[in-house]
Amino acid sequence: MAASAVRGAVALWANTDQPVAFVRKIPWTTTSSELREHLAQFGQVHKCAVPFDKETGFHRSMGWIQFSSSEELQNALQQDSHVIDGVKLHVQAQRPKILPGDQTSDKEKDF
């Protein structure tokens, strides 16, 4: 079960074409279903991935939420404070993944 959660998190992290939010500072007592329920008030949550630590069995206080549309993601980002179990979450838009080979210009690639 933990391996599938990691694969799901990596798939959301790598896919920048979809409206994905990166959430930090998730309380360790919070489940992925509670996180999904909290963010569902801003729009339809397509996927929710919270990776777990194999040694402790707790999640790593971060996760990815994929919304159905960019407008729903913007609704979640416009909310000033997301609080679960008394802890303020940090919600931000997923940044595009930059691979080492992507940092060169077309002219540099000719060499």
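Here, the structure is the one placed above.
Reference entry: report on the structure contained in this document. (Residues numbered from 1 in each chain as written. Predicted model: local features only at pLDDT ≥ 70, side-chain atom pairs only at ≥ 80, totals over all residues. Heavy atoms only, no water.)

Some points on the overall build of the protein
Assigned secondary structure in the protein consists of four helices and five strands. Each helix and strand of the protein, placed in order from N terminus to C terminus, yields the pattern α-β-α-β-β-α-β-β-α. A total of 111 residues make up the protein; the buried ones form 31% of that total. When contacts within the protein are restricted to residue pairs at least 6 apart in sequence, those whose partners lie at least 24 apart make up 66%. Carbon and sulfur atoms provide 50% of the accessible area of the protein, an area that totals close to 7,500 Å². (Helix = DSSP H or I, 4+ residues; strand = E, 2+ residues; numbered from the N terminus. Buried < 20%, exposed > 50% of the residue type's maximum accessible area, 1.4 Å probe, protein only. Contact = heavy atoms within 4.5 Å. Areas by Shrake-Rupley, 256 points an atom, 1.4 Å probe, with all protein chains shown as cover.)

Examining the nonpolar core
One finds Val 23, Leu 35, Leu 39, Ile 65, Phe 67 and Leu 89 to be the most contacted residues of the largest nonpolar core, which totals 16 residues. Leaving out residues up to four positions away in the same chain, Ile 65 has contacts with Pro 19, Val 20, Ala 21, Val 23, Leu 35, Leu 39, Val 45, Lys 47 and Cys 48. (Core = buried A, V, L, I, M, F, W, Y, C linked by side-chain atoms within 4.5 Å.)

A closer look at the pairing of strand E5 (residues 87–93)
Note: strand E1 (residues 20–24) against E5, four bridges, orientation antiparallel. The residue bridging Phe 22 from the neighbouring strand is Gln 92, located in E5. The turn joining strand E4 (residues 82–84) and E5, which pair antiparallel and follow one another in sequence, is formed by two residues; a positive phi near 55° is taken by Asp 85. (Pairing = 2+ DSSP bridges.)

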